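Topology and contacts: notes
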Amino acid sequence: MLTKFETKSARVKGLSFHPKRPWVLASLHNGVIQLWDYRMCTLIDKFDEHDGPVRGIDFHKQQPLFVSGGDDYKIKVWNYKLRRCLFTLLGHLDYIRTTFFHHEYPWILSASDDQTIRIWNWQSRTCVCVLTGHNHYVMCAQFHPAEDLVVSASLDQTVRVWDISGLRKKNLSPGSVETDVRGISGVDLFGASDAVVKHVLEGHDRGVNWAAFHPTMPLIVSGADDRQVKIWRMNESKAWELDTCRGHYNNVSCAVFHPRQELILSNSEDKSIRVWDMSKRTGVQTFRRDHDRFWVLGAHPNLNLFAAGHDSGMIVFKLERERPAYAVHGNMLYYVKDRFLRQLDFNSSKDTAVMQLRSGSKFPVFSMSYNPAENAVLLCTRATNLENSTYDLYSIPKESDSQNPDAPEGKRSSGLTAVWVARNRFAVLDRMHSLLIKNLKNEIVKKVQVPSCEEIFYAGTGSLLLRDADGVTLFDVQQKRSLATVKIAKVKYVVWSSDTSHVALLAKHAIMICNRKLESLCNIHENIRVKSGAWEESGVFIYTTSNHIKYALTSGDHGIIRTLDLPIYVTRVRGNSVYCLDRECRPRVLTIDPTEYRFKLALVNRKYDEVLHMVRNAKLVGQSIIAYLQKKGYPEVALHFVKDEKTRFSLALECGNIEVALEAAKALDERSCWERLGEAALLQGHHQVVEMCYQRTKNFDKLTFLYLITGNLAKLRKMMKIAEIRKDMSGHYQAALYLGDVSERVRILKNCGQKSLAYLTAATHGLDEEAEALKETFDPEKDTVPEVDPNAQLLQPSPPINPLDTNWPLLTVSKGFFEGAIAAKDGFMDAQEGLGEEGGIKEEGGGWEVEEDLDLPPELDIPAGAGGGAEDGFFVPPTKGMSPAQMWCNNSQLPVDHILAGSFETAMRLLHDQVGVVSFIPYKALFMQTMSRGRTCYLGLPSLPCLRGHPQRNWKDCGAKQGLPAVGLRLSDLIARLQQCYQLTTSGRFEEAVERFRVILLSVPLLVVDNKQEIAEAQQLITICREYIVGLTMETERKKLPKETLDQQKRLCEVNICVVVIHTSVSFLKLIFLCVCFPYRWLFLISYHRVKSVPTIQTRKILSACEKTLTDAHQLNYDPHNPFDLCAASFVPLYRGRPVEKCPLSGACYCPTYKGQICRVTQVGRDSGPPCTTPVNLKSSS
Amino acid sequence: MAAQQGDVDELFDVKNAYYIGSYQQCINEAQKVKPSAPEKETERDMFLYRAYIAQRKYAVVLDDIKGNSPPELQAVKMLAEYLSSDSKRDAIVADLDQKMARSVDASNTTFLLMAASIYYHEMNTDAALRTLHQGESLECMAMTIQVLLSLDRVDLARKELKKMQEQDEDATLTQLATAWVNIAVGGEKLQDAYYIFQEMSDKYSSTLLLLNGQAACYMAQNKWEEAEGVLQEALDKDSSHPETLINLIVLTQHMGKAPEVTNRYLSQLKDVHRAHPFLKDYLAKVT
């Protein structure tokens, strides 16, 4: 049993689940009805109108109503939205035991101690039927969920089934309401015709407390004071007792069918809840309480939830976990559904069953650990008694039929939890809470002493997270030591980010995010249960509680993304999709709006361009985000959101943005704003704004002083005038004082009657005339002329030399991103540029231009050990084994394999035998290159020479002796290289081109191809190379030829035509050329090469020009009508039928005179070799 | 090492970093750790200096280790001297031969290791094996395996590996040695070898040693594209690491890249590591 929620209250006598919302009603012995939200664990409302215990309680399925019945004989119908009782139904004459709504009709069914059952119409608010027949208290009466039946239980030891179809018919007939009302009396008077007893079930020896229908089958369950739970079956005509469940040792209070499983739940005054298997009639589980007797049970109509009321409150519980066992790897989700392991591809959303699980456990799979390397899973199953828990190790079949997947034999052992710690190792926490490491055969490899631990979690290769009572420890299995510990109580799940840089520890009501070293980064408390979580690509943790999808940044910021109706289990988050499994194990995809957390993430990471983008484009307004920004110290960002001037003003002040504040202040135009702005501006020395603020607030004193200190004398004088006008004597005087205007001061003093002061001022400052005039006014009788202090000093501020017009200079603060333009971010790009350098053709190393014949080194052997004779008797050093390279030579007759093995000598011999190669100088580069790709390197111990790997083309099935090297030369690559040669030809770099063509040609014998078609292609490749080489050498030859004599010119012409013909044969232009006069042909050739895409007009022009000058003046060695080959050495045509020597490799033809010489095309082969079928090696040939 | 099995090895991080080729981390760890006993201190210094040697910072070792330092460290110094100068090598080897002719303190594993290293560098595998035979530490066995593999005696290497696995199957060295042998065995074992390297780089950090190991596995399985990714990562870490370059020479050809690309790596290799065995072989063929 998993308790989801518990309350403390007076005795709970009635319970009802809301069918949709997470609510449960509890009616109490003290007259109160409580409405609880069991998910949020809060009391939503209290209804206290009944007098005395309330026993009956029921939610209406659709309307916001519930009904209650109490010991005050009253049935009350309530509206929970209006939070009041709508009306009361009176009629029962004793305690009311139960009250239920009908699922369809506007009826209420009540059972009472007055021995009657009544049906009420809550719309007309009348009683429509009274069911009499029980001769003791009726403890319970319920409608059938589908049929027109009622079941009732009574202390008269019977259970009765009533047929109420008559009542339904009467109600459905038109104008029924009227007859209803009258009908009641009819019933009362003439005996029930609307509702008749169908079956009376006798069998209990004591009073029956509860009876309930099965939701689908014709079954009834009842619980009685005889401590028994009975199951009854009925059909149209009769009903009989099926079986009895014995086990309770006190009165059974309540018994219900499990809405979806073959189970019965009952509870009793013996303080226990028992679960019974319906088919076996045996007890499955028992849950006991210490002190509280149970009184009532409620089952949720749709969810796997139950509620039980007892002496001091109630509990909401479910029988088993509904969390699916799942594991995510890359794009794949593995999860267990109904005895199958299924695989879901997130990308294609293809969902397949990959294997069937071994049956035999009555408990669902608790958790799963997946091993991608071995494609194996560990499935842990937890029993009620933890010690009986087991795990299964399965290897997932590679190929599987989704309809009927294999059921591979798994390996089962006992153990609480099993998780992978390496590719071929997993850790098992056994029931003694010690840690075992096992291998893929499920054999114990070693036992590890661990600190006390009650649960283990995956923590990457070679590590585990161990949970103990108050914390989680990161434990290195190999080193057998704890690396780090973090305090968090009762972690239930652990979610690692994909790069294992962060981990989220999920407890019931808390989430802690840690880094790889298990240093706590943040701690989040949730009021509602935390269910699951997954890391989003950008490093945001998305998690679910019972009713929300939320996010958490590693900085600790968290918030709600959206609400949920039912709990889900997040498997993966990508973009705005949340992939999850629901409680029915169905994979689902929910969409979320990721803007908020992305925004916060961007803020935290200071990616202001992103922030700005989001500010501008996303709909991210609202007080919360502004408050967030302000709180987190980003007032300048918040400023961009705010439209409200007041907030804008205060934000601007907060981030010291005087301009924006001024704007806002102007719009607001409030005294307090100006004052605050003035203060802020003064701090920044922004005296123009200060001036404006003082002006707006009419703060003359401060303004005057401001003018003084900024040396603005003109304005100061103006201020004096204003003061005079305002009759502000002291202000006026002060301004005059500031200005050093003595006569003005004298005037002021005089005007305000301070004659003596005026006189003194005048006298002191040497205004004699004035002083005299003032002296005159003194009345010698009354006034005494004050003494003038001869030492009096002139009190006058020194006049400013330079009035301050501009604002005080501020330190140049680097402008925040939001104030200025986006800072250029060049610096980031530079680092990467150096890497991708490719393409530039580099000169080949100089070492290759060795002219002398290749001196073949002997087969390289490891030098024999020095101390051959120094045997010490203990240890005989082993002899050298056969290297894979040697085996390659043994296994293959292909030259390339020998080259790869480094055995040049044999390779040369093979080449000589197979394609008649005699000179290996041009092959040298190819040999070296080929050899260099034959072996890879890997490092053994540090500072030692590396070890060599031998890539083999048949590595999968060669075994130890049959290896053949990976060739690494592909026909397609050679063909691709042709393009480069064509380009060289086009750009007229003939010699280079010839070199390249030759390399390609020479490479062909080193190919290993797969099929006949490739042989043909390879031969074609040879032909192309040969023709180009001949053609291009001829062209270079031709350029060198002298032109003086006729003979020479003739020769030139011959060469020319051959060049053309050769090329035409390559380039399909034969027709055009065959009739063209020779002297011009070379011109054309050049032009052909210059402009590869020959425009036909141009061609024709040349042709016509040629034809005009067609004079066959000189006899040339050329017969245009006879097909011919060209001698590759002398470049004379060799007409068909004449003797010809052919190079076995290239197939180039030669005049017989060149017999025995090196082939000019390949420069390796003699032009008379043994007949050769093909220079190309088929893979199978060896 | 056998003696330490069961209890926590305080130098674990130091050794581990050294073995997986994370030399700087080894040095850092060694400077951080506070050994509990003087032997541990020597052991720590040994790894510290060997890490310096692996980084080719011979001068540090030669300067730091004085005449009065423990014999283990003297052995390390000998290797540093050997590696630092070509000219002195013959003298050092001769000296070593003499030392070996006399009875050797077999408990000085470090000396055995260093001597074997020198012999191995000299390609005197017999002497190397004979030396290693006297030691019983995991590292001696690992080096034995390496020498045997270089002799293409996979069968013997497997036997030796079995011994290692019996001693401590999960030790980093055992794991690494398993990977070497697996590469040599080939076939399905290649994937196992790959996983070993992969696991280590997951667990600790990816190093050139591990990356090249992975690349060798990939290439042995003809998975050229995958190997390219791994080698690119290695190249990013150190653009003149000889083994990486050699593997790239192999790889670029197999991927059908232009010969110039391959030649560029070859030239780089010639530039920096003339004395590398690969080049020695190679240049021997040239002439």
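Residues numbered from 1 in each chain as written. Chains lettered and ligands numbered in written order. Predicted model: local features only at pLDDT ≥ 70, side-chain atom pairs only at ≥ 80, totals over all residues. Heavy atoms only, no water.

Thoughts on the overall build of chain B
Counting its secondary structure elements, chain B contains 17 helices and zero strands. Counting across all 287 residues of chain B, residues that qualify as buried make up 60%. The contacts in chain B between residues at least 6 apart in sequence include a share of 51% that link residues at least 24 apart. When the accessible surface of chain B is split by element, carbon and sulfur atoms take 47% of a total near 11,200 Å². (Helix = DSSP H or I, 4+ residues; strand = E, 2+ residues; numbered from the N terminus. Buried < 20%, exposed > 50% of the residue type's maximum accessible area, 1.4 Å probe, protein only. Contact = heavy atoms within 4.5 Å. Areas by Shrake-Rupley, 256 points an atom, 1.4 Å probe, with all protein chains shown as cover.)

Considering the overall build of chain A
A tally of regular secondary structure across chain A gives 28 helices and 63 strands. Sorting the 1182 residues of chain A into buried and exposed places 52% on the buried side. Long-range contacts, defined as pairs at least 24 residues apart, comprise 47% of the intrachain contacts of chain A with a sequence gap of at least 6. Of the accessible surface of chain A, which amounts to about 56,000 Å², a share of 50% is contributed by carbon and sulfur atoms.

Structural notes on the sheet that holds strand 14 (residues 138–143) of chain A
Residues and elements named next belong to chain A. Read from one edge of the open sheet, four strands run 14-15-16-17, paired in antiparallel fashion. Strands with a single pairing partner mark the edges of an open sheet, and in this sheet they are strand 14 and strand 17 (196–202). Sheet twist, expressed as the mean angle between neighbouring strand axes with direction ignored, is 20 degrees. By the bridge criterion, five bridges tie strand 15 (residues 149–154) to strand 16 (residues 158–163) in an arrangement that is antiparallel. Within strand 16, the residue paired with valine 150 across the bridge is tryptophan 162. (Pairing = 2+ DSSP bridges. Axes fitted to C-alpha atoms, helices over the stretch in contact; angles between N-to-C directions.)

What about the side chain of Arg274(A)?
Residue and element names in this part refer to chain A. Mapped onto the fold, arginine 274 is located in strand 24 (residues 272–277). Classification of arginine 274 by relative accessible area gives buried; the value is 11%. Among the polar contacts made by the side chain of arginine 274, one reaches the side chain of histidine 248 at a distance of 3.4 Å. With near-sequence residues (within four places) excluded, arginine 274 lies in contact with Gly247, His248, Tyr249, Ile264, Leu265, Ser266, Gln285, Thr286 and Arg288. (Polar contact = N/O pair within 3.5 Å; in protein donor to acceptor, adjacent residues only side chain to side chain.)

A short note on the pattern of salt bridges
This structure, assessed with the given rule, holds 53 salt bridges over all chains. Close ionic contact of Arg423(A) with Asp192(B) constitutes a salt bridge, the shortest N to O distance being 3.6 Å. Taken together, the residues Arg423(A) in the loop between strand 37 (417–422) and strand 38 (425–429) and Asp192(B) in helix 12 (residues 189–203) connect one chain to another. In this structure, the salt-bridge partner of Lys40(B) is Glu43(B), at a minimum N-O distance of 3.9 Å. Of this pair, Lys40(B) and Glu43(B) both sit in helix 3 (residues 38–54), three residues apart, roughly one helical turn. Here Glu43(B) falls in the buried class, since its relative accessible area comes to 19%. Three or more residues joined by partner-sharing salt bridges are found here, namely Arg425(A), Lys446(A), Glu169(B) and Asp170(B). (Salt bridge = Lys/Arg side-chain N within 4 Å of Asp/Glu carboxyl O.)

So, empty space enclosed by the protein
One pass over the structure, following the stated rule, counts seven cavities of 30 Å³ or more. For the second largest cavity, the calculated volume is near 100 Å³. Considering the residues around the second largest cavity, the lining is formed by 14 residues, among which Gln929(A), Arg933(A), Leu969(A), Arg977(A) and Gln253(B) are closest to the centre. Elements supplying a minimum of two residues to the lining of the second largest cavity: helix 21 (921–932) of chain A together with helix 16 (259–272) of chain B. Top element by residues in the lining of the second largest cavity is helix 21 of chain A. It accounts for three residues. Of the residues in the lining of the second largest cavity, the class split is five nonpolar, six polar and three charged. (1 Å grid on protein atoms, 1.4 Å probe; cavity = no way out; pocket = protein on both sides within 12 Å on 5 of 7 lines; lining within 4 Å. Points joined across faces, edges and corners; volume = space filled by probe spheres on them. Nonpolar A, V, L, I, M, F, W, Y, C, P; charged D, E, K, R; others polar.)

Details of the interface of chain A and chain B
Interfaces are frequently sized by the accessible area removed from exposure as the parts join. Opposite the 79 residues of chain A that make contact, chain B presents 82 residues. One can count seven salt bridges joining chain A with chain B. Salt-bridge contacts for Arg481(A) lead to Asp13(B); the nearest nitrogen and oxygen are separated by 3.1 Å. In this structure, the connection of chain A to chain B is made through 18 residue pairs in polar contact (both at pLDDT 80 or more). Sort the elements by how many residues they give to the side of chain A that touches chain B and helix 21 of chain A lands first, with six residues. Broken down by class, the residue content of the side of chain A that touches chain B amounts to 35 nonpolar, 21 polar and 23 charged.

Quick word on helix 15 (residues 242–254) of chain B
Residue and element names in this part refer to chain B. If you check helix 15, its first and last C-alpha atoms are 19 Å apart, about what 13 residues at 1.5 Å a residue would give, namely 18 Å. The buried fraction of helix 15 is high, at 13 of 13 residues. A positive phi of about 75 degrees marks glycine 256, the residue just after helix 15. (Expected span 1.5 Å × (residues − 1).)

Some words on the packing of helix 20 (residues 904–915) of chain A against helix 21 of chain A
Residue and element names in this part refer to chain A. Remark: helix 20 packs on helix 21, axes separated minimally by 12 Å, with the N-to-C direction vectors making an angle of 130 degrees. Of the possible angle classes, the one that applies to helix 20 and helix 21 is oblique. For the element pair helix 20 and helix 21, the recorded crossing hand is right-handed. The segment helix 20 lies against helix 21, with Phe904, Ala907, Met908 and Leu911 engaging Tyr923, Phe927, Met928 and Met931. Of the residues that constitute the contact of helix 20 with helix 21, the class distribution is eight nonpolar, no polar and no charged. (Parallel < 35°, antiparallel > 145°, perpendicular 65-115°, else oblique. Left-handed = near helix turned anticlockwise from the far one by under 90°.)

Quick word on the nonpolar core
By size, the foremost hydrophobic cluster in this structure holds 176 residues, and its most contacted members are Tyr923(A), Phe997(A), Tyr1150(A) and Trp180(B). If one sorts the elements of this core by residue count, helix 13 (residues 208–220) of chain B sits on top with ten residues. Judged by nonpolar contacts, the second largest core, of 57 residues, contains Ala212(A), Ala224(A), Val256(A) and Ala307(A). (Core = buried A, V, L, I, M, F, W, Y, C linked by side-chain atoms within 4.5 Å.)

Some points on unusual backbone geometry
Residues and elements named next belong to chain A. At arginine 227, a position not held by glycine, the phi torsion is positive, near 70 degrees. Mapped onto the secondary structure, arginine 227 falls in the loop between strand 19 (219–224) and strand 20 (228–234). At asparagine 442, a position not held by glycine, the phi torsion is positive, near 65 degrees. With respect to the helices and strands, asparagine 442 occurs in the loop between strand 39 (435–439) and strand 40 (444–448). According to the relative accessible area criterion, asparagine 442 is buried, its value standing at 15%.

Points about helix 22 (residues 971–986) of chain A
Residue and element names in this part refer to chain A. Here helix 22 is 16 residues long and its end C-alpha atoms lie 23 Å apart, about the 22 Å a rise of 1.5 Å per residue gives. Every buried residue of helix 22 is listed here: Leu971, Asp973, Leu974, Arg977, Leu978, Cys981, Tyr982, Leu984 and Thr985. Looking one or two places after helix 22, you find glycine 988, whose phi comes out positive at around 80 degrees.

Focus on the confidence of the model for chain A
Residue and element names in this part refer to chain A. When pLDDT is averaged along chain A, the result is 78; 80% of the residues meet or exceed 70. Of the regions scoring below 50 in pLDDT, residues 1109–1116 engages in ten contacts with residues more than four places distant in sequence or in other chains. Between residues 1169–1173, whose pLDDT stays under 50, and residues either more than four places distant or in other chains, the model counts seven contacts. (pLDDT = per-residue confidence, 0-100.)

Let's talk about a negative patch on the surface
All names here are of chain A. The grouping of Asp768, Glu769, Glu772 and Glu776 at the surface amounts to a negative patch. Turning to its location among the elements, aspartate 768 is positioned in helix 16 (residues 768–777). Judged by its relative accessible area of 52%, aspartate 768 falls in the exposed class. (Patch = residues over 30% accessible without salt bridge, like charges linked within 9 Å, V, L, I, M, F, W, Y side chains within 5 Å. Lys, Arg positive; Asp, Glu negative; His and termini not counted. Charge placed at Lys NZ, Arg CZ, Asp CG, Glu CD.)

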